[in-house]
Amino acid sequence: METYDKTTDTDIIETTFPVSGMTCAGCSASVESMLKSQPGVENAQVNFAGMTATVIYHPEEISPEKMQKVVQSIGYDLLILPSEADVEALEKQREKDYNTLKKRTIGALLLAVPVAVLGMMYHHPSPTLKWVELLLTLPVVFGFGWPFFKRAFAQAQHGRANMDTLVALSTGVAFIFSAFNTIYPQYFESRGLQAQVYFEAAAVIVGFILLGKLLEERAKTKTSAALKKLIGLQPKTVKRLKNGTESEVKIEEVLMGDVLLIRPGEKIPVDGTVVQGESFLDESMLTGEPLPVSKASGASVFAGTINQKGSLQIEARKVGGATMLAQIIKSVQHAQNSKPPVQQLTDKIAGIFVPIVIAIALISFAAWMFFGSSSELSHALLAFVTVLIIACPCALGLATPTAIMVGIGKGAENGILIKDAESLENAYKMNALILDKTGTITKGKPELTDMRWNAKITDPAPLKSVLLALESASEHPLATAVVNHLKQQNVASVQIENFESITGRGVKGNFGGKTYLIGNKKLLNENLVLPDPELEKLALQWEREAKTVLFFAENVQMVCVIAVADALKETSVAAISELKNLGLEIYMLTGDNEATAKAVAEQAGIKHYKAGVMPSEKGNFVEELQRQGKIVGMVGDGINDSEALAKADVSIAMGKGTDIAMEVAQLTLMHSDLNHIPKAIKLSRSTVRTIRQNLFWAFIYNVIGIPLAAGVLYPAYGFLLDPMIAGAAMALSSVSVVTNSLRLKGVKL
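Please read these numbers as outputs of a predicted model, since none were measured by experiment.

J.: Sorry, what's going on with the pattern of salt bridges here?
T.: Opposite charge on two side chains permits pairing when their charged atoms draw close. Counted according to the given criterion, the structure contains 17 salt bridges. When the shortest N-O distance is used, the salt bridge between Asp258 and Arg240 registers 3.1 Å. Taken together, the residues span a long stretch of sequence, with Asp258 in the loop between β7 (245-250) and β8 (259-262) and Arg240 in strand β6 (residues 237-242) at a distance of 18 residues. Relative accessible area serves as the criterion here: at 15%, Asp258 is assigned to the buried category. Taking the shortest distance from any N to any O, the salt bridge between Arg317 and Glu315 comes out at 3.3 Å. Note on Arg317: relative accessible area 43%, which makes it partly exposed. Judged by relative accessible area, Glu315 falls into the partly exposed class, the value being 21%.

J.: Would you explain the environment of Ile363 in this entry?
T.: Mapped onto the elements of the fold, Ile363 is located in helix α12 (residues 345-371). Its relative accessible area of 57% is what places Ile363 among the exposed residues. A C-alpha to C-alpha distance of 8.4 Å links Ile363 and Ala710, two positions 347 residues apart in sequence.

J.: What is the right way to read the nonpolar core from this model?
T.: Across soluble globular proteins, nonpolar side chains show a tendency to be buried alongside one another. Residues Val206, Phe353, Val357, Val387 and Ile706 are the most contacted members of the largest nonpolar core, which totals 52 residues. Considering every element that reaches this core, the biggest residue donor is helix α8 (residues 199-220), with nine residues. What Val387 contacts, discounting residues up to four positions off in sequence, is Val357, Ile360, Ala361, Ser364, Ile706, Ala709 and Ala710. Formed by 38 residues, the second largest nonpolar core is a distinct cluster that contains Ile418, Met588, Val635 and Leu695.

J.: Sorry if this is basic, but what is going on with the pairing of strand β20 (residues 514-519) here?
T.: Look at any regular strand and the pattern is simple: side chains alternate between the two faces of the sheet. As paired strands, strand β19 (residues 506-511) and β20 are joined by six bridges and run antiparallel to one another. Bridge pairing links Phe511 to Lys514 in β20. Here β19 folds back onto β20, and the loop between the two strands holds two residues, one of which, Gly512, carries a positive phi near 60°. Bridge count between β20 and strand β21 (residues 548-554): four bridges; the pairing is antiparallel. The residue bridging Tyr516 from the neighbouring strand is Glu554, located in β21.

J.: I keep staring at the sheet that holds strand β16 (residues 432-436) and nothing clicks. Help me out?
T.: Remark on secondary structure: sheet strands pair via backbone hydrogen bonds, oriented parallel or antiparallel. Strand order in this open sheet of seven strands is β15-β27-β26-β25-β16-β23-β24, and the pairing throughout is mixed. What marks the edges here is a single partner per strand, and that holds for β15 (416-418) and β24 (608-610). In this sheet, adjacent strand axes meet at a mean angle of 20° when their direction is disregarded. Direction of pairing for strand β23 (residues 585-589) relative to β24: parallel, over a ladder of three bridges. Paired with Leu589 across the strands is Lys610, a residue of β24.

J.: Mind showing me how you'd approach unusual backbone geometry here?
T.: Excluding glycine, a negative phi dihedral is what most residues carry, and trans is how most peptide bonds are arranged. Its identity is not glycine, yet Asn490 carries a phi of approximately 60°, on the positive side. Summarising the element assignment, Asn490 is placed in the loop between α18 (477-488) and β18 (497-502). Even without being a glycine, Asn555 presents a positive backbone phi close to 55°. Along the chain, Asn555 falls in the loop between β21 and β22 (557-565).

J.: Can you walk me through the sheet that holds strand β11 (residues 293-295) in this structure?
T.: With antiparallel pairing, the three strands of this open sheet are ordered in space as β11-β10-β13. Each end of this open sheet is capped by a strand with a single partner; those strands are β11 and β13 (306-307). Here two bridges tie strand β10 (residues 279-282) to β13, and the two strands are oriented antiparallel to one another. Residue pairing in the sheet places Asp282 in a bridge with Ile306 of β13.

Thresholds applied
- Residues numbered from 1 in each chain as written.
- Predicted model: local features only at pLDDT ≥ 70, side-chain atom pairs only at ≥ 80, totals over all residues.
- Heavy atoms only, no water.
- Salt bridge = Lys/Arg side-chain N within 4 Å of Asp/Glu carboxyl O.
- Helix = DSSP H or I, 4+ residues; strand = E, 2+ residues; numbered from the N terminus.
- Buried < 20%, exposed > 50% of the residue type's maximum accessible area, 1.4 Å probe, protein only.
- Core = buried A, V, L, I, M, F, W, Y, C linked by side-chain atoms within 4.5 Å.
- Contact = heavy atoms within 4.5 Å.
- Pairing = 2+ DSSP bridges.
- Axes fitted to C-alpha atoms, helices over the stretch in contact; angles between N-to-C directions.

Below is the structure:
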């Protein structure tokens, strides 16, 4: 993650630092509280999902290096990036850490499986088998699982406990207890008790917890990729004109007032104004609208947009961090680094659960030592171990990942990719959904929707051939829609003479001794084409429907009118109706004009819409709905949607959109079919319900089993829960969780 510094005051600095080593929301709370407690820190906000810490501090009182040492003292690391050059190195380190975790997980599971098999096959294994289990479990617990112990120890030094603490205690005590009974079985046997071993519990716990962590990390590996791609839209070098001389300079050297030369196919490097030349610019990365925009002298241009045909000379007006693209990059970064609205339910419960379990285990041990029978030490130790074993977080660690794994598989079958559990939890409560117009509700490219010939034309075939020839030679994007339509009808082209493209009007050419024109009404008026009342009346009707009208003329006779528009997708109306039935309030945002927005909204059945919306305004609209207490979903497919996607509680990208939109979004639809959005919401709701059910099953055994393990029934009924039964109960809770998750495969979307 790139470090972003913002000087808000001469004495205060706001910086976002990457943080490594966090494994749960409890970890982020620990890092946050430690940072906030330091002198000179005004505020700190740690984002577990983004693995970042945003700190507002007084640089004369505390340095980043001192903050780093404070964070390191509790087992984590605050990464200081002195320059942007280190961002790539950080990404490589995170990839390396992920691969290391993957190897640890695979190694732990490969050794845990035979231990678990041996544990299930033999209720009272022979001394030889016990030694085999010990040797297989030792590298799992204290090799692959060592980071749990390391972080738990660091937490303990500061009087804190988290999931690592419970994992370390349960696996550590189970292993040491089992190792003791393997090495010195006579201790319990001489007291009439079996020298039980619980190696399988220790090994399986470590293996499954590592698996859960691996699944979680996989969902977060591309957090910064979207920002890197946004930054990649900025060219590294530009061609500057000075005193008539062209020179190539770095983008950082461009100053306000510099005149830059932009050739066809090149990206606009800064925000500026055209001073010479004419061209069409692809501004879809900003506006999301598919039609390239004509630019001539005096027109504004924006960084990151793409020059298509002609050459331009532009004067730089905004450079560096002041450009619109740079502002989008910063907004997306801040949105991704902000604290999520809902912390994961498992971590909330674990924050209370861990210290309670430890306390119960210790109280049980003390109670048996002071109030127990003649075998008080044996019973005390058994109770202590049994409480920790039955309370082990194996099922808790499986509750979310197993549901997500099955949910992801189910989603993949239906073209829905899910990035993380938080988006699922928010989708469960989502009540407002924002749809981008272009590429989401509409097809995202202009198509010929209507064509009407003059009533006097009995056979339009020859004229279609001329029309195809003219539009094939045209560079205007609207011409492509006409060409595609005619080619689908297998129209044959002809050879046009004296072809001429008239900027802002259309094109004309000669064939068979006649002059033909195709373009807007201004072109026909300038060439004295006679009006046709019926065709012009139809043209007005199409314009009211927000369609672009082209006129085709032969000499001075109007022979055809054509309507081109970004048409609705075939499934949009039905999908939006279903979304409403799911209880969602639908909003449409577009950078297009009011007439087009109104027409599309009416056709799609959408009551709430906003036209002429820029990217930053989309993000502001998301925040406006959130201030009203709504849980907001955003659906988009372009770079222009990335800020709003990052700010939304639930972000959904259409699969045929940009990679940036897909990586910022939490849910990605691999098809442009809007019907997949209701499916994604149904899947999200089913999955989060399953996660909550899993958490119930993960804890119900603890609620029942912990008191039994502590020995509450022993005084009245002489019943003391055997650690083996505790291990079985723990395993049963895991089986219940996995079985419940598998039910998701049968959910109908």
